[in-house]
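Read off the chains here:
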Amino acid sequence: MHSSDSSKAIGGISRDRIAQLRETEGAAFRKARPKSQAKVGNGLPGFFGGVPMHWMNDWPTPFPILVDNAKGAAITDIDGNRLDDFCLGDTGSMFGHSPPPVARAIRRQAGRGLTYMLPSEDALAIGPLLQQRFGLPFWQIATTATDANRFALRVARAVTGREKILVFNGCYHGSVDETMVRLIDGKPVNRPGLAGEFRDLTRTAKVIEFNDVAALEAALKDKDVACVIAEPVLTNSCMVLADPGFHDALRKLTREAGTLLLIDETHTISTGPGGYTRKYGLEPDFFVLGKPIAGGVPASVWGMSDEVASRYADYNRTKEPGYSGMGTTLSANPLQFATIRATLEEVMTAENYDRMDHLARRLDAGLTGVIDRYRLPWHVARVGARVEFICAPGPLRNGAQAETAHAPELEAAIHVALVNRGVLIAPFHNMMLISPATSGAQVNRLISAFGAVAAKLAA
Ligand SMILES: Cc1ncc(COP(=O)(O)O)c(C=O)c1O
């Protein structure tokens with residue numbers, strides 16, 4: 001089954017076979033999309049690189065899927081190909097495309113003004129909803145998770161008077177400059193590929209491996225770190241789960257060092273209605289959630305503890321007057337208020353999460369069954385409604401292992417093959433999300449498409 005020449009194998013599959021699959025699936029993709037190919041086969045006119053946002057070139061398909069519409073957990077292209085959508089806008093549409101309560105809220109707000117730098121009555125409801133759900137007493141609204149992280153880090157530095165932050169190797173928290181560092185052969189460096197970056201970001205950011213308590217203790221001991229920014233599970237470099245006791249150690253050591261703890265739940269909100277934080281009793285100083293919080297409308301929220309809020313209020317009383325460096329004009333607009341409220345009240349419900357979790361378990365078991373059947377050296381990881389197959393043995397313990405496990409060529413071939421079998425998964429790695437709109441039949445189709453692709457690879 002596996003390549004006889006392992007030096008030529010990726011994830012246990014020979015490079016030749018991967019290349020062959022990529023070619024035949026690429027041809028099948030084009031054949032099914034004559035209209036799309038005519039319109040976007042050579043790029044979208046007027047856009048740099050042929051796409052309105054450069055990530056759209058990162059899909060492994062021969063050209064981007066030109067979407068006609070998306071509804072629930074399905075997406076249809078202009079050629080009429082309907083895909084079961086497990087990418088879900090890589091989490092922005094984690095609760096399905098246009099969830100009905102959110103669509104109603106948009107319609108209601110559409111005739112009442114879209115942005116006015118003033119609160120509406122929906123904002124009155126949101127503050128208490130965020131307090132009850134996520135446990136922190138003071139909140140702010142921004143437009144992207146990137147911004148929410150940036151603003152929270154600014155507060156952390158302001159109140160601690162410390163310049164450094166600490167991140168885990170392999171992290172992604174949006175395009176936050178300070179987090180763009182990596183460990184390469186154990187050495188902190190600027191993340192490879194950064195455009196136009198002349199600064200040495202490792203001057204103000206420390207980077208250690210996830211799950212490494214000894215390294216954490218050493219990095220915090222000089223008491224110069226303002227804040228640790230962490231996902232509770234590393235979701236952006238394959239999927240790395242926390243070791244038992246890791247979060248307890250993280251909280252204990254940060255408290256002892258006077259370092260604040262920011263938990264970024266933008267992806268791990270898949271865990272449950274209160275995120276990983278509520279499910280596992282984490283006690284962050286800051287909590288950040290972007291992407292799906294307004295059901296697909298751009299919005300993010302960030303919360304802070306009583307203690308941080310009071311230190312920040314003291315800081316503001318003494319700081320020189322002037323712009324804080326936080327905030328963007330369209331943040332906290334009435335469309336965000338209306339859609340965040342609808343999402344919290346009617347979409348992020350315990351019932352919806354139960355359903356998502358149930359189907360995610362089924363997906364996990366189904367994919368694992370396929371991997372076992374074909375004796376592939378792969379594994380599946382899951383955090384609630386977020387499932388990922390990884391084309392390497394597991395579980396993974398840190399970002400360095402995740403980097404090695406990543407198999408871009410193989411993953412690209414699998415992704416296109418899945419699209420040709422009616423299934424869309426996230427382009428950057430092998431992430432699949434279950435939404436409240438996802439059906440059991442869609443999950444079954446994904447498992448059988450994955451089985452068909454695995455059979456081809458393993459034949
Ligand atoms: C954990 C996490 N935080 C923050 C972000 C940034 O989100 P946005 O692109 O909406 O700013 C991402 C994006 O993938 C993320 O995965």
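Before any of the text, the structure's been laid out above.
Conventions adopted
- Residues numbered from 1 in each chain as written.
- Predicted model: local features only at pLDDT ≥ 70, side-chain atom pairs only at ≥ 80, totals over all residues.
- Heavy atoms only, no water.
- Core = buried A, V, L, I, M, F, W, Y, C linked by side-chain atoms within 4.5 Å.
- Buried < 20%, exposed > 50% of the residue type's maximum accessible area, 1.4 Å probe, protein only.
- Contact = heavy atoms within 4.5 Å.
- Phe/Tyr/Trp six-rings, centres within 6.5 Å; stacked < 30°, edge-to-face > 60°.
- Helix = DSSP H or I, 4+ residues; strand = E, 2+ residues; numbered from the N terminus.
- Expected span 1.5 Å × (residues − 1).
- Arc of directions from axis to C-beta.
- Pairing = 2+ DSSP bridges.
- Axes fitted to C-alpha atoms, helices over the stretch in contact; angles between N-to-C directions.
- Near = heavy atom within 4 Å.
- Polar contact = N/O pair within 3.5 Å; in protein donor to acceptor, adjacent residues only side chain to side chain.
- Areas by Shrake-Rupley, 256 points an atom, 1.4 Å probe, with all protein chains shown as cover.
- Nonpolar A, V, L, I, M, F, W, Y, C, P; charged D, E, K, R; others polar.

**Concerning the nonpolar core**
Then, number 1: In terms of nonpolar packing, the biggest core is built from 78 residues, with Leu363, Trp378, Phe389, Leu410, Ile414, Met432 and Ile434 touching the most fellow members.
Then, number 2: Tryptophan 378 has contacts with Gly11, Ile13, Ile371, Ile390, Cys391, Ala392, Leu410, Ile414, Phe450 and Leu457, leaving out every residue within four places of it along the chain.
Then, number 3: The next biggest cluster of nonpolar side chains, apart from the first, holds 62 residues, and it includes Val207, Leu234, Tyr276 and Trp302.

**Details of the packing of aromatic side chains**
The relation between two aromatic rings is expressed through the spacing of the ring centres and the mutual angle of the planes.
Then, number 1: Enumeration over the complete set of coordinates arrives at 15 aromatic pairs.
Then, number 2: Ring geometry for tyrosine 276 against tyrosine 280: centres 4.3 Å apart, planes inclined by 40°, an arrangement best described as tilted. Of this pair, tyrosine 276 and tyrosine 280 both sit in helix α8 (residues 275–280), separated by four residues, roughly a single helical turn.
Then, number 3: For tyrosine 276, a relative accessible area of 10% puts it in the buried group.

**Topic: helix α4 (residues 121–134)**
Along an α-helix, a turn takes 3.6 residues, which lines up residues three or four apart on a common side.
Then, number 1: Its 14 residues give α4 an end-to-end C-alpha distance of 21 Å, which sits within 8% of 20 Å, the value for a rise of 1.5 Å per residue.
Then, number 2: Of the positions making up α4, those classed as buried are Asp122, Ala125, Ile126, Leu129, Leu130, Arg133 and Phe134. End-on, the buried residues of α4 take up no more than an arc of 135°, which puts them together on one face. In α4, the exposed positions angled more than 90 degrees off the buried face are occupied by Glu121, Leu124 and Gln132.
Then, number 3: In this fold, the buried residues of α4 make contact with α3 (100–110), β6 (138–142), α8, β13 (286–289), β14 (300–304) and α10 (334–347).
Then, number 4: Phi turns positive, to about 85°, at glycine 135, one or two residues after α4.

**A word on the sheet that holds β13**
Strand pairing in a sheet takes place through backbone hydrogen bonds and is either antiparallel or parallel in direction.
Then, number 1: Ordered in space as β6-β14-β13-β12-β11-β7-β10, the seven strands form an open sheet in which the pairing is mixed. On the outer flanks of this sheet lie β6 and β10 (205–208), each paired with one strand and no other. Put simply, the sheet's adjacent strands are angled 20° from each other on average, direction ignored.
Then, number 2: Note: strand β12 (residues 260–264) against β13, three bridges, orientation parallel. Bridge assignment links leucine 262 to a residue of β13, and that residue is phenylalanine 286.

**Describing the site of the ligand**
Then, number 1: The environment of the ligand is formed by 13 residues, the closest being Thr146, Asn236, Asp264, His267 and Lys291.
Then, number 2: Here an oxygen atom of the ligand and a side-chain polar atom of asparagine 236 are 3.0 Å apart.
Then, number 3: Note that an oxygen atom of the ligand is positioned 3.2 Å from one of the side-chain N or O atoms of histidine 267.
Then, number 4: About the coverage of the ligand: the protein hides 87% of its 390 Å² of free accessible area.
Then, number 5: The element best represented in the shell around the ligand is helix α5 (residues 145–160), accounting for three residues.
Then, number 6: Grouping the constituent residues of the shell around the ligand by class yields two nonpolar, eight polar and three charged.

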